[in-house]
Amino acid sequence: MTGRSQNGEKRSGQGISGAEVTFARDLGLFEATMIGVGAMIGAGIFVLTGIAAGEAGPAAIMAFALNGVVTLLTAFAYAELASAMPRAGGGYSFVREAFPGAAGFVAGWMLWFAYTVACSLYALGFASYFWEVFGKYTPGLAEALFALSSHRAAVLVVTVAIAAAFIWLNARGAGVTGKAENLLTMTKLAVLAVFIAFGLSRLLGEPQAVAEGFTPFLPKGLGGVFIAMGLTFIAFEGYDLIATVAEEIKDPEKNIPRATFISLGVTVTVYLLILVVALGAIRPESGEPAWQFLGRYGETAMVKAAESFMPAFGVALIVFGGLLSTMSALNATVMAASRVAFSMGRDRLLPARMGVIDPVRRTPRVAIFATGIILLAIALLLPLEIVGSAASLMFLLTFSMVNLSVIALRRKYPEIRRLYRMPFYPYVPILALALNMFLAVYQFKFAPLAWFVTAGWIAVGLLLYYAVFQKKAAPFEPQVLLGRPSAVAERRPAVVVALHNPDTVELLLSFAHPVARQRDVRLVAVTVVEVPRQMPIHDGLRFAHHREPLLAKARAWAARAGVELQTDFVVAHSASDGLLAALERHRAGLVVLGWKGYTNTRDRMLGEIADRVVRLAPCDVMLLKPDGAKIPRNCLLPSAGGPNAKLAAKMVSAIAKELDFPVTGLHVVGPDATESERQAGLKRVEETLDRLDEGVAQDSLLYESTSIAGGIAKAGRDYDLVVIGAAIEPLFRKVLFGEIPEKVARYSPTSVLVVKKYQGAAQNLFKRIMG
């Protein structure tokens, strides 16, 4: 079973002998950056320049720049997640951590396919460039070879050869692979630098003619720009490969964000310079605009541009650059695809052998060879135009899921140490999600088959997941084992009291019982036996006796009070998951929780368990921060509107009548409040007290303070209990009850009871999805 670091990421594989074997951290900042640059500046820029110019005209520059912005937004997500959780698998690992189960599997299933298809495209691209060079410079020999076999067969032979070479290279180790990537990428950048230098020389030499290549700038309008963006977005995919090899990068907390942004900055700069010189430096003899000339030649536009402003060796240099580009991109994507397959195998979402690290080379050799076999099968058997479009769509969908994962993991694991945090959270991931989905939907306009292929691939994956891998992965997931309650067959709703601290058992039950009687439902006391993640869940039953004193104390209170009480226990790898499962089991209409009043964890509102239960509970919530274990003799009820305030008044009525204490309505006004404002405040107090049941003793209080939360806390010092309804919870912020209730609960010196009404199944489902 894989271990977990203090940051929460699984980080080890198993060797052949069963001993723990980890990846070697052989890749520094330079090597990591070259992986990103090498993957992004692939053959795409050589074949897409002319296509983009034909669709958008000179505004192809805008299309590439906008794609750079869209990519940057998602790069923020990758930089934060990969540096905080440096796991092999990249986007798959993040999505699986945020959304365990089918969603995580689908993310990995799509990524593995998309990377493997990219490998096939690069291998075939190399073969095509190779025979173009061979035929151009040795035409006689090329004709003789083609006479013996078809051109298609010759291309496939070279495809198999180059793919096999890089599969073998990757199996040799990350250090060897990284050095090869450095050499290929630096040479490729040098070739492109020569192309850009000759083009800029032409531009600077003829400044008066530069404007001709960029006029008109938007010949096909913004629609052409959007089409060009969709067609060329694949050229910006590659920085994400850095995240897939995160376990092999030295000092990942610092180097992954740096490598991500450096590689993206270098790539976008190179792309824009290539477009500028291609559009501005050529002078077509036909007299047509440069963008039309480039669009007419499409995939070979870069070669034609080189012929226009470079010496005789320019064409050969560009073709050589194309060969280098496909080789470096193939090398990087083989590494990325195999790491996704390895990570899925380690999680038992693919065959377990794929999650094995070779103890000698310290590479996932089985995953590498499996990826190699599939990439060759795709190259030899499938129509790559269609699957290539589907792969681009899958990247967009996965990027969308990664942006959702940033939000979910900020909520789910705020305690994880994040040396890099994306700016303007949560607006950046929300905007990135929207833009990625826009491009994905827009792709249907010019590549509808891609959507059908993607849907088919996902359907096949889900079939395999539910038929095979879900069961195999289950032992590696956090689990919950429900105990045997005293009335297991009873399906009536219940008020559930979560017991953890023996000092507050009787106080929590004293508050819960009147509400249960008011609602005419059962009263159930539940405690959770939390066991280590690596322990089989049934073994946790051996520790159930540690929680029995809590339940015994609850039963003793019920016997003295003459109250019917059921008790239950849950064994779980996660206390919050166990309690949420108990709430579902008992059809809870209300859960009553205790809170110690502080948390030791940064970014937690209440603490890990309380945070998740308050946010995800499928019922109303009553959270009590007790000041000792004494039963209250009086109560302060601040005036407020909304469903939570009404629920708070209803609950305090039941508790006040049962425990026989008076309720004082409170309204806070500023020190300089006018008489009319004070009268309005008293009217609010009267409206609040009108919500109480008859028979509850009432009083009114107007309190002066510069702060509402501070005024409630100070006024509460003269009372045993403050009851307050939660504010409306913002959708993407880490706020559980609202700013004022949380401040009162945290800083009030007396007992505080915060009440929150269930917001419905739809919003609860959204919160569960988002962690």
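The coordinates are above.
These figures come from a predicted structure and were not determined experimentally.

**Quick look at the overall build of the chain**
Scanning the chain for helices and strands turns up 27 helices and 13 strands. Within the chain, residue pairs in contact and separated by at least 24 positions form 83% of the contacts whose partners lie at least 6 positions apart. Carbon and sulfur atoms provide 61% of the accessible area of the chain, an area that totals close to 30400 Å².

**Some remarks on unusual backbone geometry**
Cis geometry is found at the peptide bond from Tyr425 to Pro426, where omega equals 5°. Residue placement: Pro426 occurs in the loop between α16 (384–412) and α17 (427–446). For Arg587, which is not glycine, the phi dihedral falls at a positive 50°. For Arg587, the position within the fold is in the loop between α21 (575–585) and β7 (588–594). With phi around 60°, Asp660 is a residue other than glycine that occupies positive phi space. Considering the arrangement of structural elements, one finds Asp660 in the loop between α23 (643–659) and β10 (663–669). Take Asp660: its relative accessible area is 68%, and that puts it in the exposed class.

**Examining the packing of helix α13 (residues 301–309) against helix α14 (residues 313–346)**
The packing of two helices is summarised by the inter-axis angle and the distance between the axes. The contact between α13 and α14 brings their axes to 8 Å, and the two run at 150°. Taken together, the axes of α13 and α14 lie roughly antiparallel to each other. Viewed along their axes, α13 and α14 form a crossing whose handedness is right-handed. Listed contacts from α14 to Met302, Val303, Ala306 and Glu307 of α13 are Gly314, Val315 and Ile318. When the residues that make up the contact of α13 with α14 are grouped by side-chain class, the tally is five nonpolar, one polar and one charged.

**Side note on the pattern of salt bridges**
In the structure shown here, the tally under the stated rule is 14 salt bridges. Here Glu548 makes a salt bridge to Arg555, at a shortest N to O gap of 2.2 Å. For Glu548, a relative accessible area of 35% gives the class partly exposed. On the basis of relative accessible area, Arg555 is assigned to the partly exposed category, the value being 36%. One network of salt bridges, with partners in common, ties together Glu80, Arg410 and Arg418.

**Re the pairing of β7**
Summarising burial for β7: five of the seven residues are buried, a large majority. As defined by bridge partners, β7 adjoins strand β8 (residues 620–625) across five bridges and the pair is classed as parallel. Directly across from Leu593, in β8, lies its bridge partner Leu623.

**Quick notes on the packing of α17 against helix α18 (residues 448–473)**
As a packed pair, α17 and α18 sit with axes 5 Å apart at the nearest point and diverge in direction by 120°. As judged from the angle between their axes, α17 and α18 are oblique. Only Pro448, Ala450, Trp451 and Phe452 of α18 make contact with α17, whose side of the interface consists of Ala440, Val441, Gln443, Phe444 and Phe446. In terms of residue class, the contact of α17 with α18 is built from eight nonpolar, one polar and no charged.

**Describing the environment of Ala60**
For Ala60, the location among the structural elements is in helix α3 (residues 60–84). Of the residues examined, Ala60 reaches a relative accessible area of 0% and is grouped as buried. Linking Ala60 and Gly224, residues 164 residues apart in sequence, is a C-alpha distance of 8.5 Å. Once residues within four sequence positions are removed from consideration, Ala60 is found in contact with Ala52, Ala53 and Leu275.

**Some thoughts on the pairing of strand β5 (residues 522–530)**
Every other side chain in a regular strand lies on the same face of the sheet, so the side chains alternate between the two faces. Extensive coverage of β5 is indicated by the burial of eight of its nine residues. Between strand β4 (residues 494–498) and its parallel partner β5, the chain crosses via helix α19 (residues 505–519), and the hand of that crossover is right-handed.

**What about the packing of aromatic side chains?**
The full count for this structure, using the stated rule, is 20 aromatic pairs. On the basis of an interplanar angle of 75° and a centroid distance of 5.0 Å, the ring pair of Tyr465 and Tyr466 is categorised as edge-to-face. A residue is classified by how much of its surface remains accessible, and Tyr465, at 5% relative accessible area, is buried. Aromatic ring contacts, followed pair by pair, group Phe105, Trp109, Trp112, Phe113, Trp457, Tyr465, Tyr466 and Phe469 into a single cluster. The ring of Tyr425 carries the charged tip of Arg410 above its face, separated from the ring centre by 4.1 Å.

**Digging into the side chain of Thr527**
Mapped onto the fold, Thr527 is located in strand β5. If we skip the residues at most four places from it in the chain, Thr527 touches Leu499, Arg547, Leu550, Leu551, Asp568, Phe569 and Val570.

**What to know about the environment of Val303**
Structurally, Val303 is set in helix α13. By relative accessible area, Val303 is classed as buried at 16%. Here the alpha-carbon distance between Val303 and Ala316, two residues 13 residues apart in the chain, equals 8.7 Å. Not counting chain neighbours up to four residues away, the residues in contact with Val303 comprise Val315 and Ile318.

Criteria and thresholds
- Residues numbered from 1 in each chain as written.
- Predicted model: local features only at pLDDT ≥ 70, side-chain atom pairs only at ≥ 80, totals over all residues.
- Heavy atoms only, no water.
- Helix = DSSP H or I, 4+ residues; strand = E, 2+ residues; numbered from the N terminus.
- Contact = heavy atoms within 4.5 Å.
- Areas by Shrake-Rupley, 256 points an atom, 1.4 Å probe, with all protein chains shown as cover.
- Buried < 20%, exposed > 50% of the residue type's maximum accessible area, 1.4 Å probe, protein only.
- Axes fitted to C-alpha atoms, helices over the stretch in contact; angles between N-to-C directions.
- Parallel < 35°, antiparallel > 145°, perpendicular 65-115°, else oblique.
- Left-handed = near helix turned anticlockwise from the far one by under 90°.
- Nonpolar A, V, L, I, M, F, W, Y, C, P; charged D, E, K, R; others polar.
- Salt bridge = Lys/Arg side-chain N within 4 Å of Asp/Glu carboxyl O.
- Pairing = 2+ DSSP bridges.
- Right-handed = clockwise from strand over helix to strand, strands pointing away.
- Phe/Tyr/Trp six-rings, centres within 6.5 Å; stacked < 30°, edge-to-face > 60°.
- Lys NZ or Arg CZ within 6 Å of the ring centre and 35° of its normal.

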